[in-house]
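Observations on the model geometry
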Amino acid sequence: MGCSDIGGVPMQPLESTAQLTRFQHICRGIRQLMLAETDITVLSQYACDKLVEVGHYQMVCICLMDTSLGDVSSVVHAGEVPDSLDISFRGNTPERTLMEMVVQTKQPQVIPDIQGGGSNPSGEDAAHPRGYRSCAVVPLRCGDTVCGTLNVYTCERDAFDDETLTLLEEAAENTAFALKVIQDREERTLLEKERQDLQKQLYLAQRLESVGQLAGGIAHDFNNLLTAMLGYGQLAIMKMEQQQYPQDEVEEMIKASRRATKLTRQLLAFSRQQALQLEVVNINTLIHDIENMLRRLIDENIELTTNLAEELGWTEIDPGQLEQILINLVVNARDAMPEGGHLTIKTTNAAFLNEAYVRSNVVMPPGDYVVLTVSDTGDGMPSELIAHIFDPFFTTKERVTGLGLATVYGIVKQSGGYIWVDSEPGQGSRFQIYLPQVKSNTALAEPEDTVNQILRGTKTILVVEDEEIVRQSMVHSLRSRGYTVLEATHGESALRAAEQYSGKIHLMITDVVMPNMSGYDLTIALRALRPEMKVLYISGHAEKVVHHRIRDDAFLSKPFSPSTLAGIVQQVLNLHTSVRAASAS
């Protein structure tokens, strides 16, 4: 359908007042749409559709420019669009195209009569058979540059007088502004994602650096524990040879293994990658839990003192991240005291932050805070260094990344807290962290102690574990409690054992990571034969590493004691819900 057939009536010029009102309606709609819309194409299409509807134009298109390539990146159009219309920034002739002229001059250009010859826009060949007579190309200005053009075609010759061109410029201005808002919004979203990704990488890099610093101390502790266990083990054998009961020696071996278990837990928790998992905690408890680990980080010539407030308020923070804060601050203080000194970790309640205080300290809102203070008697810092100590990769030390204090700052801010530093050369440094108090004093429930509980059973269990010492310990423990136990060293032997056993297998306990066939694959294969069989996974890896494959089955983290194993086995056999258990000594 050509221009002369639209609505069956030739187009007549719009009255000035009605035309102004309609164009204002278009601009208002564009501004409203940009507030909620995130897609540039949708907004461009709205502008084209409305201009065709209100202006009775035959074809309207918006061409967005890729300034880096110097060409059109996308075209959105409405109205009668010829199939052969190829809108391009640069024409095939030496003469500049109209769009190119608009982009260069940043001024609108009009062709009063396309079919009358002269400098025509790209798409001229398609315009003739469609009856297009005049054309206006208006720049979409995004700041100081032209980010695209608004191209309008009509069947009327000389359709674009000064007044109409002004209205089109206003529509183009509103469209360009809306496009820029959406584009900026997309760029901010992308930058925020990149910032979060970089922050995660920063945390991981700093955490790995801290793990390296912990490794020496932890290896030293493990050697001490292994020495104790070997010694008490040999003493126990000597007593048994003398027909004496080695209760004291066995108890000491159990104590040493419990301490070793805590070390592995700390390493697993400290090296994990995950988002903040906030818990309502008492900071004093967390300090007590890692105090020995902190002492391993400092030299013998540094005295560590803890001064923890009684009835300390509760706060909400990720416990693992709080460990990260303490370790980083302790390491920083250690490095500031190469000749030795005094390091103090202190906790207090800060209830003095009222409205009057806030008026003189606009950074922190009023309320009750828990204050964690780490101070040292080290070298101290001048003010010009204090201004940069939280910057990533800023450091005055050798062989470190400069991520420690940047990580501390990030964790504190992410937890809704505030951090302050007081330091002078030769006077030491004091880091104060303010964390908002929460109105809760419910302590975390301690795991039930099952050491002295004798849990017995009569069902059949298949134990699959490639580490012989672990497998034999589990088999002996379960058999001593009355269970019928089948054992297998890997997946293939487990399949053979299940095929050869004619009775019912109530439960399979399998390691997650094994050679040739994983615990997951073994479960799939065996459940095809024994769909009623329940499964308990065990692993030395943290649950977060393996849980995405476990689904509804139970999980027990190594190391674990025989009593813990018996308790979980009983739960799995008796309950229909999933079971999760951390290691327990």
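Residues numbered from 1 in each chain as written. Predicted model: local features only at pLDDT ≥ 70, side-chain atom pairs only at ≥ 80, totals over all residues. Heavy atoms only, no water.

**Brief notes about the overall build of the protein chain**
Heads up, the condition is: The helix and strand labels rest on DSSP assignments: H or I over at least four residues marks a helix, E over at least two residues marks a strand, and numbering proceeds from the N terminus. Each residue gets one of three labels from its accessible area relative to the maximum for its type: buried under 20%, exposed over 50%, partly exposed in between, using a 1.4 Å probe on protein chains only. We call two residues in contact whenever any of their non-hydrogen atoms come within 4.5 Å of each other. Residue-level accessible areas treat just the shown protein chains as cover; the underlying method is Shrake-Rupley with a 1.4 Å probe.
Scanning the protein chain from terminus to terminus reveals 16 helices and 18 strands. Within the protein chain, the fraction of its 585 residues that count as buried is 44%. Long-range contacts, defined here as pairs at least 24 residues apart, represent 69% of the contacts in the protein chain between residues at least 6 apart. Surface exposure of the protein chain reaches about 30700 Å², of which carbon and sulfur atoms provide 51%.

**Looking at the pairing of strand 1 (residues 59–66)**
Quick note on the threshold: Paired strands are those between which DSSP finds at least two bridges.
Of all eight residues in strand 1, seven are buried; the element is thus mostly enclosed. Here strand 1 pairs with strand 5 (residues 145–154) via six bridges, running antiparallel. Its bridge partner lying in strand 5, C63 is registered against T149.

**Some details on the packing of helix 13 (residues 491–500) against helix 14 (residues 519–529)**
Selection rule: Axis angles are defined between N-to-C directions and span 0 to 180 degrees, where every axis is a line fitted to C-alpha atoms and, for a helix, only to the segment in contact. Any angle that falls under 35 degrees is termed roughly parallel, while one over 145 is termed roughly antiparallel, one within 65 to 115 roughly perpendicular, and all others oblique.
Orientation of helix 13 relative to helix 14, taken along the N-to-C sense of each, is 10 degrees, at an axis distance of 10 Å. In this view, helix 13 runs roughly parallel relative to helix 14, as classed from their interaxial angle. Seen from helix 13, the contacting residues are G491, A494, L495, A498 and E499; seen from helix 14, they are L522, A525, L526 and L529.

**Some details on the packing of aromatic side chains**
Test applied: We call Phe, Tyr and Trp rings a pair once their centres come within 6.5 Å, taking the six-membered ring for Trp, and we label the pair stacked below 30 degrees between planes, edge-to-face above 60, and tilted otherwise.
Under the criterion given, the structure shown has four aromatic pairs. Taking 6.1 Å as the distance between ring centres and 75 degrees as the angle between the ring planes, the aromatic pair formed by Y369 and Y434 counts as edge-to-face. Of this pair, Y369 sits in strand 10 (residues 367–376) while Y434 sits in strand 12 (residues 429–438), and the two are 65 residues apart along the sequence. Look at Y369 and you get buried, because its relative accessible area is 3%.

**Examining helix 3 (residues 98–105)**
Listed in full, the buried residues belonging to helix 3 are L98, M99, E100, M101 and V102. At the C-terminal side of helix 3, K106 shows a positive phi close to 60 degrees.

By themselves, these figures tell us nothing about what the structure is for.
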